[in-house]
2 protein chains.
Amino acid sequence: MSDLHNQLDAAAQSHGPAAQDIERLVEESDRRGLLALVETMESIDLATKVDELSDEYLRSLLDLLPSPTIALLAKNADEPLRLRIATALDDQLLLVVLALMQNDDVVDVLGALSPARASSLLAHMREADRVVLTSLLQYPDETAGSIMTTSFIALREDRTVADCLAIIQAKAAKIEQIQTLYVLDMKGRLAGYLDLRKILSSPRNALVSRIMETRMVSIDPYADQEEAADLVARYNLNALPVVSSGQLLGVITVDDIIDVIIDEYDEDMLRLAGANEEETLDSPLLDTVRMRLPWLLVNLVTAFLASFVVKLFEGTIEQVVALSAIMTIVSGMGGNAGSQTMAIVVRHLSRDNVSVRDARRSLGKEIAAGIINGAANGLVTGIVVAIMYHNAFLPVIVLIAMMGNMVIAGTFGFLVPVALKACHQDPAVSSSIFVTTATDVLGFFIFLGMAQLFLPLLR
Amino acid sequence: MSDLHNQLDAAAQSHGPAAQDIERLVEESDRRGLLALVETMESIDLATKVDELSDEYLRSLLDLLPSPTIALLAKNADEPLRLRIATALDDQLLLVVLALMQNDDVVDVLGALSPARASSLLAHMREADRVVLTSLLQYPDETAGSIMTTSFIALREDRTVADCLAIIQAKAAKIEQIQTLYVLDMKGRLAGYLDLRKILSSPRNALVSRIMETRMVSIDPYADQEEAADLVARYNLNALPVVSSGQLLGVITVDDIIDVIIDEYDEDMLRLAGANEEETLDSPLLDTVRMRLPWLLVNLVTAFLASFVVKLFEGTIEQVVALSAIMTIVSGMGGNAGSQTMAIVVRHLSRDNVSVRDARRSLGKEIAAGIINGAANGLVTGIVVAIMYHNAFLPVIVLIAMMGNMVIAGTFGFLVPVALKACHQDPAVSSSIFVTTATDVLGFFIFLGMAQLFLPLLR
């Protein structure tokens, strides 16, 4: 088993032998060899390989593959590959492939196409599919509605366990998620759900309404997909029903939730660094510049703020030039301490709120930690400064400024994310710039301000 | 439904009325009222409320609750609450509660206790449970073995679909995950698996060995839990079998994988900021200091490096003191640009490797982006500097230094994570300090070095 696992792991690497194997088989138009190879691969691994093929090879490959394999490939492809596959297929074949896919995946494919081609494809679909897909396509990206599937099992509350089993048996092969069955009341509104384990362990003649769970979690189709992920993670759900005015519109499955969690975290990590989630290593140069430059210019404004503070004290620096080398230590260390506090607070806020009582206690602790950490770092810095600059007062100023700036770091590191959360902003993303602006500006101000006050002692 | 969802959402808030309601019912020893209230709550929400109770209230509450509710509470509690619950219960009652829990959750509870109490509890358990739990306890934290459950359904390959259904019916109520059944060969080794949908849609007399899937993904019990999460996310698995020398030891379920993904990302976010994943808002002051100070001292060393560079040019700064205000803009903006590149590269590395060909092209693009973004930021900075300092040469030096430092930012922002990944270090965590050290040190060096070269023009 461990070997098999290693094989899969190796196959998942970008530059294993399989991509070239596929190219060779495509060149030789060896359909049987190709199918035999594809048979040994998980579809996601196949998608990773296919991603490396040129458009020409991709087209020849798709000519050789049966439509169900193309459907699996399109399901597992990322957006750029999905678009390449759809572009390589003519409308007729693409319609066959789409008919083999779950409708949430079809929505992803249609969403990758030009609106003109998407509507032309929709026009050629069966009436029933077209209605469902059109309604799914109306939900904006990153909403619960945009990631739900409409293939789920629902039955009326006057049915029995035997009915459930018959429906499951009939639909099992085509439905992604059969662990949860939904129960509708006589007006067609969602009334409860049944876990498959409950069905399997109940007598065949039991009424669904008697054994169903009525306490359940659901989500509105226009809610943010991140909210859906939070609910599934918190309540350990197998599937999350999407409901509007009592009507069950669809179901979000766990595999899509895992994708959402990973995407949202990636997005946070990128935004935290001022990068855009649309950018990849392959983005063209000008897109890269266009996506990064605005954030750099925002930061330039805050850099100027800090620079103006330094300029205020140019007269002082001119007389004790050592200040210019030491001031960057004080401001930089404040930034580091602020990041630590911010990270702890942001994690807490992602799970829970902060009460006024908690806030008072935590803020007190942050200030105390700032004093202690500032004293420790200030002492070390002070000793080095004393040795390097042969002055007895400069180290004292360094010590006090370091303590002051770390108290500022703790205070802003705590208050900024709490305030952003209170204003319904994402604290993970925007806290950083405010906190480092505070530690830079105030760090320079405290250190240089004190130096100016005690200037006669420093010269 | 949307109301119900809102109710749950409100209940999930820390300071809704429910915590006080529980306190009141506990004070009045109103067992019926308490059970009625608990009945309306999801266990995770109950755990959130209980977490706010004092030890005294917690003890009285546990006296009033039936053991199955305590078991659900212990399952959904975080580690500190789990320890408080276990401490509040005597051995006899705790053994009853543990007997009602899945063994992966029992392992979590035992892991939270002192080794002495854990062994004394183990000694009082049934032989069969003790053997399983002892073997589970041997897997270190954060390994696949530490998060697997041993309650799964496995059957021999010579059985039929009818046998499967009988086993499922018998075990469904007690087993968390019934969507996947595992098939063992005649020597007891894992040979394949069956999706419940396949079972439900196959004839009752079909042999398991004929309809099972033999291509499957598994993991070693000592592998990192993050690897388990990657496999489940990549292959959209319902459950991941844990296998050693062909033996099926346990199964990791999707809900545990979601917890792993969230924990690992939180860990990355915290470590990126130099914070420790063990720290919470409630950590005592001295723990907070102990966890943060080492990272601050590491950063202090890099701050000194940058400071030494500035000190090298003290003579130059003394003559053109404006340099001290402008140099922080150049170094800081390099740090920001480096973070952007790093974030894009780290995300790419979390999914894929970088080939030598990719690396050459991407590095070229980063350098070009550094030149363009450096030119844009340098131009803006140069104009402001020209207005403020009335010197025609200073802006030119600012422009060139900004371009140089952004090229350095792009180069290090790209190469550092790639190099760390190649050395099997986590690029998400440790890249930042190297990149900002480079942009600080080299940023000061380029700017002040050029200023020194052209000093006569600046005075």
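Residues numbered from 1 in each chain as written. Chains lettered and ligands numbered in written order. Predicted model: local features only at pLDDT ≥ 70, side-chain atom pairs only at ≥ 80, totals over all residues. Heavy atoms only, no water.

S.K.: Would you take a moment to explain the overall build of chain A for this structure?
M.R.: Secondary structure summary: chain A contains 24 helices and 5 strands in total. In terms of overall size, chain A is more extended than a compact globule, its C-alpha atoms giving a radius of gyration of 30 Å where 459 residues would be expected to give roughly 23 Å. Overall, chain A is about 90 × 60 × 50 Å in size when its C-alpha atoms are taken along their principal axes. The buried share of chain A, taken over its 459 residues, is 55%. Once local pairs closer than 6 in sequence are excluded, the contacts in chain A between residues at least 24 apart make up 68%. Surface summary for chain A: the accessible area is close to 19,700 Å², and the carbon and sulfur share equals 57%. For chain A, the distance from the average position of its 35 positive side-chain charges to the average position of its 58 negative side-chain charges is 9 Å. (Helix = DSSP H or I, 4+ residues; strand = E, 2+ residues; numbered from the N terminus. Rg over C-alpha atoms; globule rule 2.2 N^0.38 Å. Buried < 20%, exposed > 50% of the residue type's maximum accessible area, 1.4 Å probe, protein only. Contact = heavy atoms within 4.5 Å. Areas by Shrake-Rupley, 256 points an atom, 1.4 Å probe, with all protein chains shown as cover. Lys, Arg positive; Asp, Glu negative; His and termini not counted. Charge placed at Lys NZ, Arg CZ, Asp CG, Glu CD.)

S.K.: Explain the environment of Glu277(A) to me, please; I cannot follow it from the model alone.
M.R.: Along the polypeptide, Glu277(A) turns up in the loop between helix 17 (254-272) and helix 18 (285-312). Residues Glu277(A) and Gly246(A) lie 31 residues apart in sequence; the distance between their C-alpha atoms is 35 Å. Not counting residues up to four positions away in its chain, the partners in contact with Glu277(A) are Glu267(A), Leu270(A), Arg271(A) and Arg347(B). There is a polar contact of 3.0 Å between the side chain of Glu277(A) and the side chain of Arg271(A). (Polar contact = N/O pair within 3.5 Å; in protein donor to acceptor, adjacent residues only side chain to side chain.)

S.K.: Any chance you could explain the domain arrangement of chain A here in plain terms?
M.R.: Many authors give the size of an interface as the accessible area that is lost as the parts come together. Considered domain by domain, chain A is made up of domain 1 (2-140), domain 2 (154-255) and domain 3 (285-458). Its C-alpha centre places domain 2 of chain A at a distance of 52 Å from the equivalent point of domain 3 of chain A. (Domains from an automatic or database assignment.)

S.K.: Help me understand the nonpolar core in this model?
M.R.: Inside soluble globular proteins, nonpolar side chains tend to come together where they are buried. Counting 132 residues, the largest nonpolar core has Ile252(A), Ile258(A), Ile252(B) and Ile258(B) as the members making the most contacts within it. Contact partners of Ile252(B), with chain neighbours within four places excluded, come to Ala144(B), Ile147(B), Met148(B), Ile219(B), Ala228(B), Ala239(B), Leu240(B), Val242(B) and Ile257(B). Judged by nonpolar contacts, the second largest core, of 54 residues, contains Val321(A), Val321(B), Val441(B) and Ala451(B). (Core = buried A, V, L, I, M, F, W, Y, C linked by side-chain atoms within 4.5 Å.)

S.K.: What should I look at first to understand the relation of the copies chain B and chain A in this one?
M.R.: Mapping chain B onto chain A calls for a rotation angle of 180 degrees and an axial translation of 0.0 Å; the resulting RMSD is 0.2 Å. Classification of the inter-copy transformation places it as that of a two-fold axis. (Least-squares fit on C-alpha atoms with pLDDT ≥ 70 in both.)

S.K.: Explain the packing of aromatic side chains here, please?
M.R.: Describing an aromatic ring pair means giving the distance of the ring centres and the angle of the ring planes. A complete count under the given rule lists 9 aromatic pairs over all chains for this structure. Their ring planes at 10 degrees and their centres at 4.7 Å tell us that Tyr265(A) and Tyr265(B) sit as a pair that is stacked. Placement of Tyr265(A) in helix 17 and of Tyr265(B) in helix 17 (residues 254-272) is noted, with the two residues assigned to different chains. Judged by relative accessible area, Tyr265(B) falls into the buried class, the value being 15%. (Phe/Tyr/Trp six-rings, centres within 6.5 Å; stacked < 30°, edge-to-face > 60°.)

S.K.: Any chance you could explain the packing of helix 18 of chain A against helix 23 (residues 427-453) of chain A here in plain terms?
M.R.: Packed helices, taken two at a time, are described by their axes: the angle between them and the distance between them. Residue and element names in this part refer to chain A. At a minimum axis distance of 8 Å, the contact between helix 18 and helix 23 shows a crossing angle of 15 degrees. Here helix 18 is positioned roughly parallel relative to helix 23, judged by the angle of their axes. Viewed along their axes, helix 18 and helix 23 form a crossing whose handedness is right-handed. Touching Trp295, Val298, Asn299, Thr302, Leu305, Ala306, Val309 and Val310 of helix 18 are Ile433, Thr437, Asp440, Val441, Phe444, Phe445 and Leu448, all from helix 23. Looking at the contact of helix 18 with helix 23 residue by residue, the class counts come to 11 nonpolar, 3 polar and 1 charged. (Axes fitted to C-alpha atoms, helices over the stretch in contact; angles between N-to-C directions. Parallel < 35°, antiparallel > 145°, perpendicular 65-115°, else oblique. Left-handed = near helix turned anticlockwise from the far one by under 90°. Nonpolar A, V, L, I, M, F, W, Y, C, P; charged D, E, K, R; others polar.)

S.K.: Mind showing me how you'd approach the interface of chain B and chain A here?
M.R.: Counting from both sides, the interface comprises 124 residues of chain B and, opposite them, 129 residues of chain A. Counting each side, the surface lost to burial between chain B and chain A is near 11,600 Å², with a carbon and sulfur contribution of 63%. The interface formed by chain B and chain A includes 8 salt bridges. The partner of Glu366(B) in a salt bridge is Arg292(A), with the nearest N and O atoms 2.8 Å apart. Here chain B and chain A share 42 residue pairs in polar contact (both at pLDDT 80 or more) between them. With 19 residues, helix 20 (residues 322-351) of chain B is the single largest residue contributor to the side of chain B that touches chain A. In terms of residue class, the side of chain B that touches chain A is built from 68 nonpolar, 31 polar and 25 charged. (Buried area = accessible area lost by both parts, 1.4 Å probe. Salt bridge = Lys/Arg side-chain N within 4 Å of Asp/Glu carboxyl O.)

S.K.: Any chance you could explain the sheet that holds strand 2 (residues 180-184) of chain B here in plain terms?
M.R.: Paired through backbone hydrogen bonds, the strands of a sheet run either parallel or antiparallel to each other. All names here are of chain B. Across the sheet, 3 strands lie side by side as 1-2-3; this open sheet has mixed pairing. The outermost strands of the open sheet, each flanked by one partner alone, are strand 1 (154-156) and strand 3 (190-195). Sheet twist, expressed as the average angle between the axes of neighbouring strands with direction ignored, equals 30 degrees. As paired strands, strand 1 and strand 2 are joined by 3 bridges and run parallel to one another. Residue pairing for strand 2: alanine 154 is matched across the bridge by tyrosine 182. (Pairing = 2+ DSSP bridges.)

S.K.: Which parts of the structure should I look at to understand unusual backbone geometry?
M.R.: Backbone geometry follows two general trends: most residues other than glycine have a negative phi, and most peptide bonds adopt the trans configuration. Residue and element names in this part refer to chain B. The residue serine 29 is not glycine, and still its phi comes out positive at about 50 degrees. Take serine 29: its relative accessible area is 52%, and that puts it in the exposed class. In the Ramachandran plot, histidine 424 falls in the positive-phi region, its phi being about 60 degrees despite a non-glycine side chain. Tracing the backbone through its elements, the reader meets histidine 424 in the loop between helix 22 (394-422) and helix 23 (427-453).

S.K.: Explain the pairing of strand 5 (residues 247-253) of chain B to me, please; I cannot follow it from the model alone.
M.R.: On any regular strand, side chains alternate: one points to one face of the sheet, the next to the other face. Counting buried positions along strand 5 of chain B gives 5 out of 7 residues, so the element sits mostly inside the fold. Linking strand 4 (residues 239-244) of chain B to strand 5 of chain B, which pair antiparallel, is a turn of 2 residues; within it Ser245(B) sits at a positive phi near 45 degrees.

S.K.: When you look at the confidence of the model for chain A in this model, what are you seeing that I'm missing?
M.R.: Detailed reading of predicted coordinates is not advised where the pLDDT is low. Residues and elements named next belong to chain A. Here chain A averages 89 in pLDDT, while 96% of its residues score no lower than 70. Taking the mean pLDDT of every element in chain A, the minimum, 41, falls on helix 1 (residues 2-12) and the maximum, 96, on helix 22 (residues 394-422). Contacts for the low-pLDDT stretch residues 1-17, under 50 throughout, to residues beyond four places or in other chains number 27 contacts. Overall fold confidence for the complex sits at a pTM of 0.81, while the interface term, ipTM, reaches 0.80. (pLDDT = per-residue confidence, 0-100.)

S.K.: Hey, could you run me through the pattern of salt bridges in this one?
M.R.: Oppositely charged side chains can form a pair if their charged atoms are brought close together. Tallied over the full model, the rule gives 42 salt bridges over all chains. For Asp55(A), the salt bridge identified is with Arg84(A), shortest N-O distance 2.8 Å. Taken as a pair, Asp55(A) in helix 5 (residues 55-64) and Arg84(A) in helix 7 (residues 79-88) lie far apart in primary sequence, 29 residues in all. Accessibility expressed as a relative area gives 22% for Arg84(A), which makes it partly exposed. Put simply, Asp51(B) and Arg84(B) hold a salt bridge, and the shortest N to O gap is 4.0 Å. With Asp51(B) in the loop between helix 4 (43-50) and helix 5 (55-64) and Arg84(B) in helix 7 (residues 79-88), this pair connects stretches of sequence that are 33 residues apart. Residue classification places Asp51(B) among the partly exposed positions, given a relative accessible area of 35%. Look at the salt bridges and you will find they share partners, linking Asp51(A), Asp55(A) and Arg84(A) into a network.

S.K.: Mind showing me how you'd approach the sheet that holds strand 1 (residues 154-156) of chain A here?
M.R.: Residues and elements named next belong to chain A. Pairing is mixed in the open sheet, where 3 strands are placed in the order 1-2-3. Because the sheet does not close on itself, it has two edges, and the strands there are strand 1 and strand 3 (190-195). If you compare each strand with its neighbour and ignore which way they point, the axes differ by 30 degrees on average.

S.K.: Whenever I open this one, the environment of Gly410(B) confuses me. Can you help?
M.R.: Residue and element names in this part refer to chain B. Following the sequence through the fold, glycine 410 ends up in helix 22. A sequence separation of 259 residues divides glycine 410 from serine 151, and the C-alpha atoms of the two residues are 50 Å apart. Excluding anything up to four places from it in sequence, glycine 410 contacts Thr341 and Glu366.

S.K.: Hey, could you run me through a negative patch on the surface in this one?
M.R.: All names here are of chain A. Together, Asp78, Glu79, Asp108, Asp141, Glu142, Asp220, Asp224, Glu226, Glu227, Asp230, Glu278 and Asp426 make up a negatively charged patch on the protein surface. Here the negative patch takes 3 residues from helix 16 (residues 225-235), the largest share from any one element. Its place among the elements puts glutamate 142 in the loop between helix 11 (127-137) and helix 12 (144-147). Its relative accessible area of 34% is what places glutamate 142 among the partly exposed residues. (Patch = residues over 30% accessible without salt bridge, like charges linked within 9 Å, V, L, I, M, F, W, Y side chains within 5 Å.)

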